[in-house]
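Read off the chains here:
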There are 2 protein chains.
Amino acid sequence: MHREELLNCHNRIKPYIHNTPVLSSTLLDEISGTSLVFKCENFQKMGAYKMRGATNAVLQLSDKQKNHGVVTHSSGNFAQALSLAAKNSGIDAHIVMPSNAPKVKMNAVKTYGGIIHISEPNLKGREALSKTIIEETQATFIHPSNDLNVIYGQGTAAMELLKTHPDLDVIVVPVGGGGLIAGTALAAHYFGHNCKVIGGEPFEADDAYRSLKSGKIESNTSSNTIADGLRTVLGDKNFPIIQKHVDRIIRVEETEIINAMKLIWERMKIIVEPSSAVALAAVLRKKDMFNKRKVGIVISGGNVDFTKIPF
Amino acid sequence: MHREELLNCHNRIKPYIHNTPVLSSTLLDEISGTSLVFKCENFQKMGAYKMRGATNAVLQLSDKQKNHGVVTHSSGNFAQALSLAAKNSGIDAHIVMPSNAPKVKMNAVKTYGGIIHISEPNLKGREALSKTIIEETQATFIHPSNDLNVIYGQGTAAMELLKTHPDLDVIVVPVGGGGLIAGTALAAHYFGHNCKVIGGEPFEADDAYRSLKSGKIESNTSSNTIADGLRTVLGDKNFPIIQKHVDRIIRVEETEIINAMKLIWERMKIIVEPSSAVALAAVLRKKDMFNKRKVGIVISGGNVDFTKIPF
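Bear in mind the structure is a predicted one, so any value in this text is a computation, not a measurement.

Criteria and thresholds
Residues numbered from 1 in each chain as written. Chains lettered and ligands numbered in written order. Predicted model: local features only at pLDDT ≥ 70, side-chain atom pairs only at ≥ 80, totals over all residues. Heavy atoms only, no water. Helix = DSSP H or I, 4+ residues; strand = E, 2+ residues; numbered from the N terminus. Rg over C-alpha atoms; globule rule 2.2 N^0.38 Å. Contact = heavy atoms within 4.5 Å. Areas by Shrake-Rupley, 256 points an atom, 1.4 Å probe, with all protein chains shown as cover. Lys, Arg positive; Asp, Glu negative; His and termini not counted. Charge placed at Lys NZ, Arg CZ, Asp CG, Glu CD. Least-squares fit on C-alpha atoms with pLDDT ≥ 70 in both. Axes fitted to C-alpha atoms, helices over the stretch in contact; angles between N-to-C directions. Parallel < 35°, antiparallel > 145°, perpendicular 65-115°, else oblique. Nonpolar A, V, L, I, M, F, W, Y, C, P; charged D, E, K, R; others polar. Buried area = accessible area lost by both parts, 1.4 Å probe. Salt bridge = Lys/Arg side-chain N within 4 Å of Asp/Glu carboxyl O. Polar contact = N/O pair within 3.5 Å; in protein donor to acceptor, adjacent residues only side chain to side chain. Expected span 1.5 Å × (residues − 1). Buried < 20%, exposed > 50% of the residue type's maximum accessible area, 1.4 Å probe, protein only. Pairing = 2+ DSSP bridges.

Colleague: Just to check I follow, could you spell out the overall build of chain A for this structure?
Modeller: The secondary structure content of chain A amounts to 14 helices and ten strands. Relative to a compact globule of 311 residues, whose C-alpha radius of gyration would be 19 Å, chain A shows 18 Å and is just as compact. Overall, the C-alpha framework of chain A stretches about 55 × 40 × 40 Å when taken along its three principal axes. Of the contacts formed within chain A by residues at least 6 apart in sequence, a portion of 71% connects residues at least 24 apart. Element-wise, carbon and sulfur atoms account for 47% of the exposed surface of chain A, whose accessible area totals about 12,700 Å². Here chain A carries 36 positive and 30 negative side-chain charges, and the mean point of each set is 2 Å from the other.

What follows is the structure, encoded as structure tokens:
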């Protein structure tokens, strides 16, 4: 059933997304001792893989639901993705953002036509405001990562990667809310050939690592990481998939994230956000594990505030 | 004869260079009112198209010449390119660099195995030292842009672009020493279909614009541009080709270069050096001229000092 859903999802969203290029770097192969290919979702529409899941979720709405629009809470890439996906379908996107969200993120959401609602900068304020909006508009709530339609959408990046590179031994992705890694794990299971999926996660937001250890969804004890896309936690829809299909999570230090990000900028000449660099950081931290394997990395996004480059 | 030379050159250098990807951006098409494709030589080996010309020049040496190595003076990408091309052929590359060249450029040359010779930071010192090296080593001098083998090499970027995009109306490239635009003009003449070639040049280093007006090689009255790869002047080998085959030169302001560079970073998520942005800046300055045309842009390089981002 997942297999069929993934195939249908990919056909459904194809007209609205880029089949992003796959790049490689001789130098990074030498440094890592592996054969690396990078699925460049930083080149995706609005600059991140989130466009895939948001598009699938919007396209799965009934006509009646579409009339009432969609709502989500996010201060990151999913806010922009849902805004653009909704705009592409001619419907409203209500985006709940905390009052302390960066201006640059708010402006990006506005550019894509999202309707911003400012909440108090905490979980309670965010959920209360989302509830009010739903009551007033009957909009459908779309969770950024804990939603099966979103998960299938995010999995299509790995489907495309496995189509051109069917011999990958492993795919490594960053882990935040769990949507990307769950979708990738399903794609690798159904369309790979013994292709493992491994997550990269900051020590500073290691809920997924600890959740896999304990067998239940753990919260973050810290979220003090430069990888701002990875501060969120897993959910009840994606956690069972991750438990079943993900090989392991590798945690990385902040300095390793910054070094990996700099390597990608300097050597591959592409702009990736800190969260994207976590997957390469994981490969470089555990070189022995990946030695001489064929490794796919999903570069998750490229939305960077150029005034805050950490190197 | 040029046509044959270009074809032979491309076959000769193929094993040593990347056939770099061609990218596009819906948003930049909207902003410019044209259909733009970008030949991404920032993804080339050592990060710039210079690798093509340097490789061709080295491969054209006789065995006897190879024994004595090569020499050039450059503090930019050609220094790195010749070092790597020489290394690939197992020969010495003597690089004359001014004493005020940035440390980061010197280190890059060392990384690629180049032998650095520090000269006084002026034309006289540079030429004197080059002469001494040639006398002592019998190395062959390779000019960064005023050398037919180098010009053919640089032209192969446009050849590859025209192979995948044969319907381009115009190709726009930055103009510095004239090697890239001369090679591109030959490639467009022999392998394009009525494909014009237009140069982009900073007002602050507009020797090529004035040379085409006056009919003789002019020097720069200023070289105070952020596009540090474009501060050099044309030479007697490339100027006649440029006179014959280049449609025109468009000059751009420094702020236009910075804006175009920021647009490429933000919207295309690729790292380009300021010189590379001059071609897009030219298209955006003269939108009417390019309106609804199919435009190819050669992104010349991506070697950037991240501590000196101008936005």
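Colleague: Would you mind going over the relation of the copies chain B and chain A with me for this structure?
Modeller: Between the two copies of the chain lies a rotation about an axis combined with a shift along it. For the pair chain B and chain A, the best superposition has an RMSD of 0.0 Å and corresponds to a rotation of 180° with a translation of 0.0 Å parallel to the axis. Here the two chains are linked by the operation of a two-fold rotation axis. Minimal C-alpha separation from the rotation axis in chain B is found for B:Ile270, amounting to 2.1 Å. Residue by residue, 100% of the interface of chain B is reproduced at the interface of chain A, so both copies engage with the same surface.

Colleague: Got a minute to help me understand the packing of helix H1 (residues 2-13) of chain B against helix H3 (residues 50-59) of chain B in this structure?
Modeller: When two helices pack together, you describe them by how their axes are tilted relative to each other and by the distance separating the axes. All names here are of chain B. It is the contact of H1 with H3, at a shortest axis distance of 10 Å, that shows an interaxial angle of 95°. By the criterion of interaxial angle, the relationship of H1 to H3 is roughly perpendicular. On H3, the residues touching Cys9, Arg12 and Ile13 of H1 are Arg52, Thr55, Asn56 and Leu59. Per-class residue counts for the contact of H1 with H3 are three nonpolar, two polar and two charged.

Colleague: Is there a simple way to explain the interface of chain B and chain A in this structure?
Modeller: How large an interface is tends to be reported as the accessible area lost when its parts come together. Across the contact, 20 residues belong to chain B and 20 residues belong to chain A. Both sides together, the interface formed by chain B and chain A hides about 1,500 Å², and carbon and sulfur atoms give 67% of it. When residues of chain B are sorted by the area they lose upon contact with chain A, B:Lys269, B:Ile271 and B:Phe306 head the list and together hold 42% of the total. Summed over the shared surface of chain B and chain A, the number is zero salt bridges. Taken together, chain B and chain A are joined by six residue pairs in polar contact (both at pLDDT 80 or more). Sort the elements by how many residues they give to the side of chain B that touches chain A and helix H12 (residues 254-268) of chain B lands first, with four residues. Class assignment for the residues of the side of chain B that touches chain A results in eleven nonpolar, five polar and four charged.

Colleague: How do you make sense of helix H5 (residues 77-88) of chain B when you look at a structure like this?
Modeller: Residues and elements named next belong to chain B. When the terminal C-alpha atoms of H5 are compared, their 16 Å separation across twelve residues agrees well with the 16 Å that a helix rising 1.5 Å per residue should span. Burial analysis of H5 places ten of its twelve residues in the buried class, the great majority of the element. The inward-facing, buried residues of H5 contact H3, strand E3 (70-73), strand E4 (93-98), helix H6 (103-111) and helix H8 (148-164). Looking one or two residues beyond H5, the residue adopting positive phi is glycine 90, at roughly 70°.

Colleague: Before we go on, may I ask you to explain the sheet that holds strand E8 (residues 196-202) of chain A in this structure?
Modeller: Each strand in a sheet pairs with its neighbour through backbone hydrogen bonds, running either in the same direction (parallel) or in the opposite one (antiparallel). Residue and element names in this part refer to chain A. An order of E1-E2-E10-E7-E8-E9 is seen for the six strands of this open sheet, with the pairing classed as mixed. Strand pairing shows two members of the sheet lacking a second neighbour, strand E1 (22-23) and strand E9 (248-252), which therefore form its edges. Sheet topology places E8 next to E9; five bridges connect them, and they run parallel. Residue glycine 199 lies in a different strand from E9, and its bridge partner there is isoleucine 249. Strands E1, strand E2 (35-40), E8, E9 and strand E10 (294-299) of the sheet are contacted by helix H12 (residues 254-268), whose axis makes an angle of about 90° with E9.

So yeah, pure geometry; function would need other evidence.
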